[in-house]
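# Structural description and commentary
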Amino acid sequence: MYAISSTKSLILLLGLLLYCIHDCHSIEPLTIGAAIGIGSIGLNYFKGQTYCRFYECCDDRSIPGNITALHRSLESTLYGQHIVTQHLIPALSAHLSAQSKSRKPLVLSFHGQPGTGKNFVANQIAQALYLDGSNSAYVTKFLGRSDFPLADLVDQYKVRIDGLVRDRLRSCPRSLFIFDEVDKMPSGVFDTLASLVDYNAFTDGTDHTKAIFIFLSNTAGTHIADHLGNSMKAGKLREDTLLSDYESLLQRAAYNLDGGMKKTGLIEAHVIDHYIPFLPMEKAHVVQCLEAEFRRWGKQPDKDIINEILSSSISYDRMHGLFVSSGCKTLEKKVAMAIY
Ligand SMILES: *[C@@H]1O[C@H](CO)[C@@H](O)[C@H](O)[C@H]1NC(C)=O
């Protein structure tokens, strides 16, 4: 990170120097103040015309925000999650549109068991919104277990999150923040963040209305599975279940279960715009994941290998016997192993 920023400054310096060589005789009679003025005009000119064509800047080139691309990639690579695509695309389109009258950041909370695609979708969002995807300097990712492991240090964590979010928003309003493993974070960790994502959070002119915050947690995964399992047993099709069937369940579970969302101001202050359920995977969805993995390796899906992986590696939930316990996680690695 430091290496990158020092090359960046070097290039800027070089640009200035070139500007001077080109125009030095006209600078000569000027006062130092004017020289500095010209220098900074040159710097801005250089930055706009050259630098940002090749390096990431907080502009439309580096942050294309291509929702069409996101929609397409979700439709072709995300399996069994009709609610996610239905709600995510309109939510993001509305937030990113030039006519957006948004007065606060977009705040999304993804819930579901491991292997249902929460991370996968968060990465695809980063990929579609930023030219550099998850590697963009404007995408910040926090991991519950490694970044915020200790309940005793929750006050330090709060300060760290607050400082980092403020810094990032100042350097680019169109920043994306992803908090992964929220259920592994100590409760209270988002206390200060809650006020940053609310209306009128900043008095220093920092624009936070274009930012996006995404929280990922396994919390309520079993509640989602229970609800879906019961609906299906009662004859409802999975694809006919709606966001509204899960929303209040998610909100309640997140607020009451252990983890970073427990009794959090984020929920109390109603700053979370959408609670998105990731449904547990059935066997057919896992088969789709495995087939896609074959194609990703440039191979035709092999039925025998798929059947072998299915019979040796998957287990079903005990409650309903319908859902594959670890979803698509880890199974994809087995395809790579089988191919080589
Ligand atoms: C957005 O992505 C789509 C599909 O990948 C592509 O066809 C289109 O040109 C992109 N639009 C912009 C403005 O980059």
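Quantities reported herein were computed from a predicted structural model and do not represent experimental measurements.

About the thresholds
Residues numbered from 1 in each chain as written. Predicted model: local features only at pLDDT ≥ 70, side-chain atom pairs only at ≥ 80, totals over all residues. Heavy atoms only, no water. Phe/Tyr/Trp six-rings, centres within 6.5 Å; stacked < 30°, edge-to-face > 60°. Helix = DSSP H or I, 4+ residues; strand = E, 2+ residues; numbered from the N terminus. Pairing = 2+ DSSP bridges. Axes fitted to C-alpha atoms, helices over the stretch in contact; angles between N-to-C directions. Contact = heavy atoms within 4.5 Å. Buried < 20%, exposed > 50% of the residue type's maximum accessible area, 1.4 Å probe, protein only. Expected span 1.5 Å × (residues − 1).

Another aspect to go through is the packing of aromatic side chains. This structure, assessed with the given rule, holds 9 aromatic pairs. Aromatic pair Phe142 and Phe179: ring centres 4.4 Å apart, planes at 5 degrees, arrangement stacked. Note that Phe142 is positioned in strand E2 (residues 139-143) and Phe179 in strand E3 (residues 176-180), a separation of 37 residues in sequence.

Strand order across the open sheet formed by 5 strands is E2-E3-E4-E1-E5, with parallel pairing between neighbours. Each edge of the sheet is formed by a strand with only one pairing partner; in this case those strands are E2 and strand E5 (274-277). Neighbour-to-neighbour, the strand axes of the sheet open up by a mean angle of 15 degrees, direction not taken into account. Relative to E5, strand E1 (residues 106-111) is paired through 4 bridges, and the arrangement is parallel. Looking across to E5, one finds that Ser109 is bridged to Tyr275. The sheet strands contacting helix H7 (residues 154-171) are E2, E3 and strand E4 (212-217), and the helix crosses E3 at an angle near 155 degrees. Across the sheet, helix H10 (residues 243-256) lies against E1 and E5, angled at about 105 degrees from E5, the strand it touches most.

In this section: the pairing of E3. In terms of burial, E3 is largely enclosed, as 5 of its 5 residues are buried. Of the two faces of E3, the one lined by Leu176, Ile178 and Asp180 and the one lined by Phe177 and Phe179 are each fully buried. As judged from the 5 bridges shared by E2 and E3, these two strands associate in the parallel manner. By the bridge assignment, Thr140 is partnered in E3 with Phe177. Looking at chain direction, E3 and E4 are connected through 4 bridges and run parallel. Among the inter-strand pairings, Ile178 is bridged to a residue of E4, identified as Ile214.

Further remarks concern helix H4 (residues 82-96). The end-to-end C-alpha distance of H4 is 22 Å, a good match for the 21 Å that 15 residues give at a rise of 1.5 Å each. If you follow the buried residues of H4, they end up packed against helix H3 (67-77), E1, helix H5 (118-129), E4, H10 and E5.

Attention now goes to unusual backbone geometry. For Ala220, which is not glycine, the phi torsion reads 75 degrees and is therefore positive. One can find Ala220 in the loop between E4 and helix H9 (221-233).

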